[in-house]
Every structure is written in C-alpha cells, then in structure tokens.
Amino acid sequence: MGGYTGKVLRINLTEGKISTEPLNKELAKNYISGRGLAGKMFADEVPADVDALSPENKLFIASGALTGTNAPTSGRYMVVTKSPLNGVIASSNSGGQWGAHLKFAGYDMVILEGKAARPVYISISDDSVEIKDAAHVWGKDVYATTDILKQEFGDDKVKVLSIGPAGEKLSLISAVMNDLYRAAGRSGVGAVMGSKNVKAVLVRGTGKVENANADEMKNVLSATMAKLKENGVTGQGLPTYGTAVLVNIINESGIYPVNNFQESYDPDADLISGETMTANHLIKKDPCYRCPIACGRYSKWKGGEGAGPEYETVWVFGSNSGIHDFDAIHKANDLCNKYGLDTISVGATIAAGMELVQKGYIKQEELDGTPLEFGNADGMVEWVRKIAFAEGLGAKMALGSYRLAEIYGAPELSMSVKKLELPAYDPRGVQGQGLQFATSNRGGCHVRGYLISPEVIGMPEKLDRTVIEGKATWVKIFQDLTAVIDSLGLCLFSSFALGLSDYRALVNAVTGFNYTDEELLACGERIWNNERLHNLKVGYTAAEDTLPKRLLNDPIPEGPSKGQTIRLAELLPQYYIERGWSATGVPTPERLSSLGM
C-alpha cells in the first residue's frame, strides 16, 4: 500500500507514554486519511459530550493519503479534535512543509491524549520520539518559539508546529501554527493544544513516501500538472496575484461584505486588492510543499515584512472593518501569525465589536482608550494584540464574536454559523454558497464546499448564482468531493483545474486501492455523514442549519446585488432529500447502510 506509512504515533501526555500502532487499512480505504480517517477515529474514541478543553479530549494531527508524495499540492495536514468554539469535530487544514515531513519521519498521524503536568513539546526524529520540557518557551510567540526550538534541535531542516500565547490562554479562536506562517486556523484548535500543555511538535524525517505504481504515477502527474498550468485560476490568477485576486472579483459581484456585513459592496476595494498588493507590496512567492500554484505571498509593509496576507485576511481586517490601509492589514495578519490566532474569527470578532460600539451596546469606558470603530486602523491592530493576551475587553473578544455579542444581548450581530465566523462572501447574493454555509459541518466555512467556483468564477461550469434550481445537488457533490480532497492531503485550490476522475487517478496510482469514481466520492459522503452524526450527538439539530438573522431577513442594501436575498427555507428541504436524510436533517438508517456505516 503506497502513500501511507502504515504507522500511527500515540502519545499519552498524562502518563508520559509514547507508543506506535499499525494503521487500520480497512478504515483507511473507507475514510482515506487526514480529515476523514482522523475524524472517524476521533468519533470512535472520544465521547460526544466530552469537554473540549479537558484531558479527555484528544488531538489528532493527521496527514493525508497523498501528503509527502510527488502529487501536486500534497503538503496538507489537518488538526482534528472537538472544537472548544462550537463542539463540532474540528478539522483545521494547513499547508507549508510540516505535514510532508511527518510522513518522511514515518507516521501517518500523531494522537495527543490526556494532559501534561507541565508545559512540554514533542520532538520527533524518525523513530526517536521524546517528550521534552517547554518551560523556557511557554509564553513566547510563535516566531521566537520556532527559532529557539530549531536551535535546540540542532538541525535547520526540522519543521516546527506550535501554538502562541493565544493558545496558551485558551482563546476559543486560537490557531495551531507551522512553518512560522501557516495556520490550522479555524475552530479554536490552538486552545485544545494549549489545554494539554503542549507548546510545540517538532518533526525531522529522512524517509520517503513511496507510490504503489510509480510508472502509472508518471502518466497521471503529467496529465494533472498540464491541467493545473493551463487553467486560468491555478495557472495564471493565483500564481500572479495570490488569493487576494478575489477581492475585485467578489466585490464586483456585489457579495463582498463591508462593516460586519452591513453592506456588500466597497467602492474602494481595489485599494487592498491582489493587483494592488502585487504592484506595491509583493517581495516574493511563498509556495507550500510540491505546489505548482504558489499562491502564497511574502510581502512588505511600512516597518516590516512577512507572509501573506490571504484574501480572507485582507477582507476581514480591511473592508469588513471599514479599513483600506494595507500596512494595518498586514500588521494585523502578522500579529495573528505571531500570537497564534485565526485571522477570520479575530477580524470578524473585531468587526462585531465595532458594530456593538456603533449601536451602543459596548460603552466607551470599556475600551480603555483603544478605539473600536469602523475605519480606525490603529485601533484594529491593537485589538488583535489585546485578544491574543486577553487584555480588558480582549478577554471577551477572545471567546469569538458569538459569545461576545451574546454577552451584550445582541447575538444577531455575530455574523457566524454554529458560532464559527463567516468568511468573505455574502450568501444573499450566491444561493449555493449560502446553503453550504448553513449546512457546513463545522459552521461558517467556505472550504467545506466552495460553490463560489461555479457560481461566480464559472468552474467547472458557470451557474446562475441567483437561482436555487439544482443547487442542493451541487452543494452535496462539492461537500463530498472537498472531504475527499482534504483527506488526500491536497490543496482545495487544485479543484479549480482537477475533477473527481483526476483525484481518483492520483490516489489509485499512489495507494493501489483502485477506487472507481463512485467509490471515491462515497468516501467523501461517508466522511460528511460521520461528522453530521457527531454534531447530532453533541446536540445540534436542523435548527442550527441556518444563517444570521441579518442575512436571512434583510435584502442586500446597495451595489450590484442590491435587493437579493437567500432562499434558504426552500433550499434546505431539497438538500436533506439529496443527502438521503430525514426532513429534520438526520441521516436515515438506509443511507448509512448504503455507505457501510
């Protein structure tokens, strides 16, 4: 069996016990790896009612089946655990180099159990695995931690995954960082790692990931690389301008949220677009492992330089906060990387705070002199720091926008789904993406099914974003295929150019599983249903398959999509039927049986 190392590393932090176990090959064929396999193992091992920040929760750091191979974009890994933000199975995806090196060291995944008695870090060097004291780096930021531990390890090729002060302080919007600037950002996974007193996981591998059929892989690689290079998005748009190429595209469609989704069009958006960033701020591209797209940016700002910022980050610290100062946006992004925070949730929480101040819920005396208002760039940057260290009102903001707004009696001002903050697309003007937001297993998330691709960009075909006919089918297919891509350890951006048959060809050449297209997509459906079943056990119902009141009830006020609304009440029943679920959103025994669940 190619692709997999066949070995799982399990570390009981309470007992200080390190052990390895063979990968369950039958489960791997049904759930692939990464998000899928780790999610299934999590659901089997961890009770649904466990406190996410208790020692009884477990943290899975899992590579994909193709991570570390020569497949294009094969640098992804996922952090899977129970989210402290909203209780769902968190599966936060990150790129860079770390995931591939976990494979090179000989492990498909690392499972952290229990809680260390004191701050520790994990050192992995092929077969040598140690739990080491982290007192000297506890309290330090991600950049300092990475430098200190790399020097301590004594090999510059070691890759470092760590949390920052936000994760140590158990912020519900904290991230797990790797390779300095890459983030497993969403769902508060950094807080779970912090709750276990684990500061970092270092990995140095000298092995290689083999393909089951090397000759077949050569042919498959040639075909897939050609498609990626020829595609307008993966071969031109993203390599040239990075993910912020979307700023003008989404804004011109009138679905670019402004001032905490109070508006959906920004006449000044080009000031912070990918085109402007490339012309004035780009230093170099910063690609992940084996990535021919190279959308990652390394940019300069007044007084510094660093990675990014990505599209969602540009939007959330930019237009969604009423700001067009690229230097401030980059500083806020850099602070999130440095302190270990999810940029989307942090920026959206700040924007919610701005509206809470605007509407009089938060009083000026609570701000300790730091402005919290739309358009105030310096204040926005300082609130990022205050959230990281839970200072003053920052302690409430570190809980995320939903809890912040709920504290002040206005939860409707949190632009979130299932307490997870929404990204940079107004669902009122894009029906399929709106349905995907509402039904996403982890909450307000665009990377569980990127319907923007057909509805706005026109790939694999152009759909009318304003109609609902056929959208339930598209959403299900995109959700299931995305679960496959995540579990393979590939970048979702590859799907602009590649389709199901391409992924099937890749995984078969690497693993030798010989899936059909239908069998591979069924893996994705199995993964989706496993996550849904967990959510139901936690207590979620169809009532949570919804959107914020503003987005349900108020038409888009101005811009190219003026007057548009989301027709969610019509879409949801169609979606449940498409999924083979009951009218109340519960997977039926018949559908589960057909999936072998």
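No experiment lies behind these values; they were computed from the predicted model shown.

A. Spotlight on the overall build of the protein. Secondary structure summary: the protein contains 24 helices and 17 strands in total. Taken over the C-alpha trace, the protein has a radius of gyration of 22 Å; the compact-globule value for 597 residues is 25 Å, and the two agree within 12%. Dimensions of the protein, computed from the C-alpha atoms along their principal axes, are close to 55 × 55 × 50 Å. Here the protein holds 597 residues, and the buried ones make up 64% of them.

B. Focus on the packing of aromatic side chains. Evaluated as defined, the whole model comprises 18 aromatic pairs. Put simply, the rings of Tyr256, Tyr311, Tyr425, Tyr450, Phe493 and Phe496 pair up and form one aromatic cluster. The lysine or arginine in question, Lys284, covers the ring of Tyr298, its NZ or CZ lying 5.2 Å from the ring centre. The cationic tip of Lys419 hangs over the ring face of Tyr402; the distance from NZ or CZ to the ring centre is 5.0 Å.

C. Representation of the domain arrangement of the protein in the model. Parsing the protein into structural domains produces domain 1 (7-204), domain 2 (242-415) and domain 3 (426-547 + 567-594). Domain 1 puts 34 residues into the contact, and the matching count from domain 2 is 31 residues. Summing both sides of the interface, domain 1 and domain 2 together bury roughly 2,500 Å²; the carbon and sulfur share of this comes to 58%. For domain 1, the biggest contributors to the area lost against domain 2 are Ile173, Tyr181 and Arg182; these three give 26% of the whole.

D. Region of interest: the packing of helix α19 (residues 471-488) against helix α23 (residues 568-579). Where α19 meets α23, the axes come as close as 8 Å, and the angle between the chain directions of the two elements is 55°. Overall, the two elements α19 and α23 adopt an arrangement that is oblique. For the pair α19 and α23, the sense of crossing is right-handed. Between α19 and α23, the contacting residues are Lys471, Ala472, Thr473, Val475, Lys476, Gln479 and Asp480 on the first element and Leu571, Gln574, Tyr575, Glu578 and Arg579 on the second. In the contact of α19 with α23, the residues fall into four nonpolar, three polar and five charged.

E. Focus on the pattern of salt bridges. Going through the model one piece at a time under the given rule, you end up with 34 salt bridges. Its salt-bridge partner being Glu113, residue Lys58 comes within 3.2 Å of it at the nearest N-O pair. Remark: Glu113 occurs in strand β6 (residues 109-113) and Lys58 occurs in the loop between α2 (34-45) and β3 (59-63); sequence separation between them is 55 residues. Pair check on accessibility: Lys58 and Glu113 agree, each one buried. The residue Glu130 makes a salt bridge to Lys132 at a minimum N-O spacing of 3.9 Å. Connected through salt bridges with shared partners, the residues Arg10, Glu21, Glu45, Lys58 and Glu113 form a single ionic network.

F. Unusual backbone geometry, seen in detail. For the bond running from Gly308 to Pro309, omega is -5°, close enough to zero to count as cis. Position of Pro309 relative to the elements: it lies in the loop between β15 (304-307) and α11 (311-317). The omega torsion across Met459 and Pro460 is 5°, close enough to zero to call that bond cis. Within the secondary structure, Pro460 sits in the loop between α18 (452-457) and α19. Notably, Leu170 is not glycine yet its phi reads approximately 60°, a positive angle. Looking at the element boundaries, Leu170 is found in the loop between α5 (165-168) and β10 (176-178). Positive phi values are uncommon outside glycine, yet Asn260 reaches one of about 60°. As for its placement among the helices and strands, Asn260 is situated in the loop between α9 (246-252) and α10 (274-280).

Basis of the calculations
Residues numbered from 1 in each chain as written. Predicted model: local features only at pLDDT ≥ 70, side-chain atom pairs only at ≥ 80, totals over all residues. Heavy atoms only, no water. Helix = DSSP H or I, 4+ residues; strand = E, 2+ residues; numbered from the N terminus. Rg over C-alpha atoms; globule rule 2.2 N^0.38 Å. Buried < 20%, exposed > 50% of the residue type's maximum accessible area, 1.4 Å probe, protein only. Phe/Tyr/Trp six-rings, centres within 6.5 Å; stacked < 30°, edge-to-face > 60°. Lys NZ or Arg CZ within 6 Å of the ring centre and 35° of its normal. Domains from an automatic or database assignment. Contact = heavy atoms within 4.5 Å. Buried area = accessible area lost by both parts, 1.4 Å probe. Axes fitted to C-alpha atoms, helices over the stretch in contact; angles between N-to-C directions. Parallel < 35°, antiparallel > 145°, perpendicular 65-115°, else oblique. Left-handed = near helix turned anticlockwise from the far one by under 90°. Nonpolar A, V, L, I, M, F, W, Y, C, P; charged D, E, K, R; others polar. Salt bridge = Lys/Arg side-chain N within 4 Å of Asp/Glu carboxyl O.

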